[in-house]
Structure formats: structure tokens, C-alpha cells
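Chain by chain, the residues run as shown.
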Amino acid sequence: MTSPESPDHTWLARAVDLATANVAEGGGPFGALIVRDGTVVATGQNRVTRDLDPTAHAEVVAIRSACRVLSDFSLAGCILYTSCEPCPLCLSAALWARVDRVVFAADRDDAARGGFDDRAFYDLFATPRSEWSMTVDNVRPADAAAPFDAWLDHESRTAY
């Protein structure tokens, strides 16, 4: 456990402040920031209802902003601080962005108490797709792999 004077506590306090301020402005109770070398690169607040975008979670908003600021899709060397334990969407985004570390304040139980029960998604991913309420089908046309063939043939592609 880190001390209350640690940088982690300082950055988490900012994430919690962003989340609390967002509630006062009519948004969801989530805030996040991306930090590199002790400096805030970008912040994010939950914008799902404001922007009518189910992917506009605070962490995703912060990641998108940080990538624009740094002109890079990789956030290697960065830490994601968030007011609450990331949901599967946000955790996946952090993995794709290659952040070095994720640090959160409240946990999934706190989120569930507030009506945001991410456990349902975590549980869903542990069950076979045949049992999901949403059907996920693989319909494979003859040219299904064509985009990947084009990618591999494209000499100036940017690997990620």
C-alpha cells in the first residue's frame, strides 16, 4: 500500500475530483488522467450520456486525448489513473494503448452500488458465447482475409 503522500494518491485525488465534478455537470461518476514522467498528458471524464456515445468512458476519453497530444497511438511510458476500477472496455483500451500501468481508486463493488455493475460483463466473458444474450456470429465470405492480405502486402504500413 502506498503512503497518502505518494504520487499515486495525488493523481488519484485528481481523478476523483474529475469524476465528482462531472457528476455536478450532469455526467457519469468517472474521471481519468494519463500521466507521463510526472506530468499530466490528458484527462477524461465520462461523456456517455452527454455525447450519446457508449464508448465515451473517462478512461477512453483520456486515452484518445493523450494519443492526440502525443501524436502516437502508443502510450508506452504512461500511467492511467482512474477514479474507479476500469470496466472491460476501458481495460482493453488501456491494453491496446500499451500504458505501463493502471491505478484506480474505487472498485467494481463501489461501481455496482452506484448502479454500474461491470461484473455482469466480466461474468459474461467467462461464459461460452452460445450462452450470451447477444448473438455473435462468424459469417466467413471467401474474401474474409483480404484486408489482412492487403495489410501484409502494404510496404509502408505502420505496425502496431
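Residues numbered from 1 in each chain as written. Predicted model: local features only at pLDDT ≥ 70, side-chain atom pairs only at ≥ 80, totals over all residues. Heavy atoms only, no water.

Caption draft 1: Seen up close, the overall build of the chain. In terms of helices and strands, the chain carries seven helices and four strands. Starting at the N terminus and walking to the C terminus, you meet the elements of the chain as α-β-β-α-α-β-α-β-α-α-α. Referenced to the eigenvectors of the C-alpha coordinate spread, the extents of the chain come out at roughly 55 × 40 × 35 Å. Looking at the chain as a whole, 34% of its 160 residues are labelled buried. (Helix = DSSP H or I, 4+ residues; strand = E, 2+ residues; numbered from the N terminus. Buried < 20%, exposed > 50% of the residue type's maximum accessible area, 1.4 Å probe, protein only.)

Caption draft 2: Representation of the packing of helix α3 (residues 58–70) against helix α4 (residues 88–97) in the model. Contact geometry for α3 and α4: axes closest at 8 Å, N-to-C directions at 20°. Overall, the two elements α3 and α4 adopt an arrangement that is roughly parallel. The handedness of the crossing between α3 and α4 comes out as left-handed. Together, Glu59, Val60 and Ile63 of α3 and Leu89, Cys90, Ala93, Ala94 and Ala97 of α4 make up the contact between the two elements. Grouping the amino acids of the contact of α3 with α4 by side-chain chemistry returns seven nonpolar, no polar and one charged. (Axes fitted to C-alpha atoms, helices over the stretch in contact; angles between N-to-C directions. Parallel < 35°, antiparallel > 145°, perpendicular 65-115°, else oblique. Left-handed = near helix turned anticlockwise from the far one by under 90°. Contact = heavy atoms within 4.5 Å. Nonpolar A, V, L, I, M, F, W, Y, C, P; charged D, E, K, R; others polar.)

Caption draft 3: A look at the pairing of strand β1 (residues 31–36). Burial analysis of β1 places five of its six residues in the buried class, the great majority of the element. Pairing geometry for β1 and strand β2 (residues 39–45), over six bridges, is antiparallel. Residue pairing across strands places Ala32 opposite Gly44, the latter belonging to β2. Examined bridge by bridge, β1 and strand β3 (residues 78–84) share five bridges and lie antiparallel to one another. (Pairing = 2+ DSSP bridges.)

Caption draft 4: Looking closely at the UniProt feature "domain: CMP/dCMP-type deaminase" (unreviewed entry) in the chain. Those residues carrying the UniProt feature "domain: CMP/dCMP-type deaminase" (unreviewed entry) are residues 6–119 in this numbering. The span residues 6–119 carries 46% helix and 23% strand; its end-to-end C-alpha distance comes to 30 Å. (UniProt positions renumbered as here; feature names shortened; annotations may be inferred.)

Caption draft 5: Summary view of the environment of Asp107. Positionally, Asp107 belongs in the loop between β4 (101–106) and α5 (108–113). According to the relative accessible area criterion, Asp107 is partly exposed, its value standing at 29%. Sequence-wise, Asp107 and Cys87 are 20 residues apart; in three dimensions their C-alpha atoms are separated by 9.9 Å. If sequence neighbours within four positions are ignored, Asp107 has contacts with Cys84 and Glu85.

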